[in-house]
Amino acid sequence: MTDYGRSFAAWREAAGAWDAYVRHPFVQGLGDGTLPRQGFLRYLVQDYRFLIHFSRAWALGAAKAGTLAEMRACIATVDALVNHEMPLHIRICAEAGISPEALEEAPEAPQNLAYTRYVLEAGYSGDFLDLLAALAPCVLGYGEIGLRLSREGAADSPYRDWIETYAGEDYQRACREVGALIDAAVAARLGRSPEALPRWAELAGRFATATRLEAAFWNLGLEE
Ligand SMILES: Cc1ncc(CO)c(N)n1
């Protein structure tokens, strides 16, 4: 199993929709290669817009951070998203004839609006932990999916490029760092035994809601 820290392990276990997210039919289709290309591209165009808001949310994390170490971790994630993950989207879309301009102009789908604004709102109205709990399923779920599909997916899936981006060492290291950031941020604010606190249940609730929104996001790539 992937080890992205203790908070993630507990929140993941408590999130009812975790399997619906990481074993969604869209994900299975990426792994076995049966996902129609059009659906994948529809997802990718929306995901480009998603990543813009997601990067804003991590930048908000830098503003909400309590220490220089927390600030650095947030900024490293913004860098990974903006400079490493988004170029993949731009390249795959360009290869499929979708220009950077078309990516910029694509209207945002309701699932995308719901998810990204939920995460940003968690950061605006909550504190650093609220924001991290809402961000965690996105980062770490893709890490888990990437690793599983890399091992179990079809060797000739046309989505190998996508899979290996998330299974790759750069992304996996980022996941371990985010997991460690969350555990350290929780310990600094809630102490060594946070599980019994009402605050812990709130954070687990944020994680579970973001997980449901992730599962709904995949549907963008399946609807006609
Ligand atoms: C919807 C979504 N969640 C997570 C990631 C991983 O960064 C992504 N690219 N898109």
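Use the structure listed above.
This write-up is about the structure you can find in this document. All values reported here derive from a predicted model rather than from experimental measurement. Counting from 1, residues in each chain are numbered in the order their sequence is written. Reporting in this predicted model follows two pLDDT cut-offs: at least 70 for local features of residues, and 80 or more for side-chain atom pairs to be given and counted; totals over whole chains, interfaces and linings ignore these cut-offs and use all residues. Here the side-chain values reflect all heavy atoms present in the structure, with hydrogen atoms and water set aside.

## Some words on the packing of helix H7 (residues 110-125) against helix H11 (residues 198-218)
The axes used here are C-alpha line fits, helices contributing only the stretch in contact, and every angle between their N-to-C directions lies in the interval 0 to 180 degrees. In this description a helix means any DSSP run of H or I spanning at least four residues, a strand means any run of E spanning at least two, and both kinds are numbered starting from the N terminus. Across the interface, H7 lies against H11 with an axial gap of 8 Å and an inter-helix angle of 160°. It follows that H7 is roughly antiparallel to H11 by the angle criterion. Crossing angle aside, the handedness with which H7 passes H11 is left-handed. Contacts from Gln111, Asn112, Ala114, Tyr115, Tyr118, Ala122 and Ser125 of H7 reach H11 at Arg206, Thr209, Ala210, Leu213, Glu214, Ala216 and Phe217. Partitioned by chemical class, the residues of the contact of H7 with H11 number eight nonpolar, four polar and two charged. By definition in this entry, angles of less than 35 degrees are roughly parallel, angles greater than 145 are roughly antiparallel, angles of 65 to 115 are roughly perpendicular, and the rest are oblique. Here a crossing is called left-handed whenever its near helix is offset anticlockwise from the far helix by less than a right angle, and right-handed whenever the offset is clockwise. Two residues qualify as a contact provided that any one of their heavy atoms is within 4.5 Å of a heavy atom in the partner residue. Polar here means any residue outside two lists: the nonpolar Ala, Val, Leu, Ile, Met, Phe, Trp, Tyr, Cys and Pro, and the charged Asp, Glu, Lys and Arg; Gly therefore counts as polar.

## Describing a nonpolar patch on the surface
A cluster of nonpolar side chains, namely Leu68, Met71 and Ile75, defines an oily patch on the protein surface of about 280 Å² accessible area. Note on placement: Met71 falls in helix H5 (residues 68-95). Only residues whose relative accessible area exceeds 30% and that take part in no salt bridge are eligible for patches, with like-charged residues grouped when within 9 Å of each other and nonpolar side chains (Val, Leu, Ile, Met, Phe, Trp, Tyr) grouped when within 5 Å. In this description, accessible areas are obtained by the Shrake-Rupley approach with a 1.4 Å probe, and a residue is regarded as covered only by the protein chains that are shown. Any carboxyl oxygen of Asp or Glu that lies within 4 Å of a side-chain nitrogen of Lys or Arg is treated as forming a salt bridge with it.

## Points about the packing of aromatic side chains
Two aromatic rings from Phe, Tyr or Trp, using only the six-membered ring of Trp, form a pair when their centres are within 6.5 Å; if the ring planes differ by under 30 degrees the pair is stacked, by over 60 it is edge-to-face, and anything between is tilted. This structure, assessed with the given rule, holds 23 aromatic pairs. With a centroid separation of 5.5 Å and 70° between ring planes, the pair formed by Phe8 and Trp18 is classed as edge-to-face. Remark: Trp18 occurs in helix H2 (residues 18-22) and Phe8 occurs in helix H1 (residues 6-14); sequence separation between them is 10 residues. Judged by relative accessible area, which is 3%, Trp18 ranks as buried. Both rings, one in Phe26 and one in Trp218, keep their centres 4.9 Å apart while their planes meet at 20°; by these two values the pair is stacked. Of the two residues, Phe26 is situated in helix H3 (residues 25-32) and Trp218 in helix H11; the sequence distance between them amounts to 192 residues. Trp218 shares its class with Phe26; the two are buried. The buried label goes to any residue with under 20% of its type's maximum accessible area, the exposed label to any with over 50%, and the partly exposed label to all in between, with areas taken from a 1.4 Å probe on protein chains only.

## Focus: the pattern of salt bridges
A full pass over the atoms with the stated rule returns 15 salt bridges. For Arg91, the salt bridge is made with Asp161, and the minimal N-O distance between the two is 3.3 Å. Residue Arg91 is located in helix H5, and its partner Asp161 is located in helix H9 (residues 160-167); the two are separated by 70 residues in the primary sequence. Residue Asp161 is classed as partly exposed on the basis of its relative accessible area, which comes to 35%. In this structure, Asp130 engages Arg206 in a salt bridge whose closest nitrogen and oxygen atoms are separated by 3.0 Å. Of this pair, Asp130 sits in helix H8 (residues 128-152) while Arg206 is found in helix H11, placing the two residues 76 residues apart along the sequence. The class for Asp130 is buried, based on a relative accessible area of 6%. Put simply, Asp127, Asp130, Arg199, Glu202 and Arg206 are held in one network by salt bridges that share partners.

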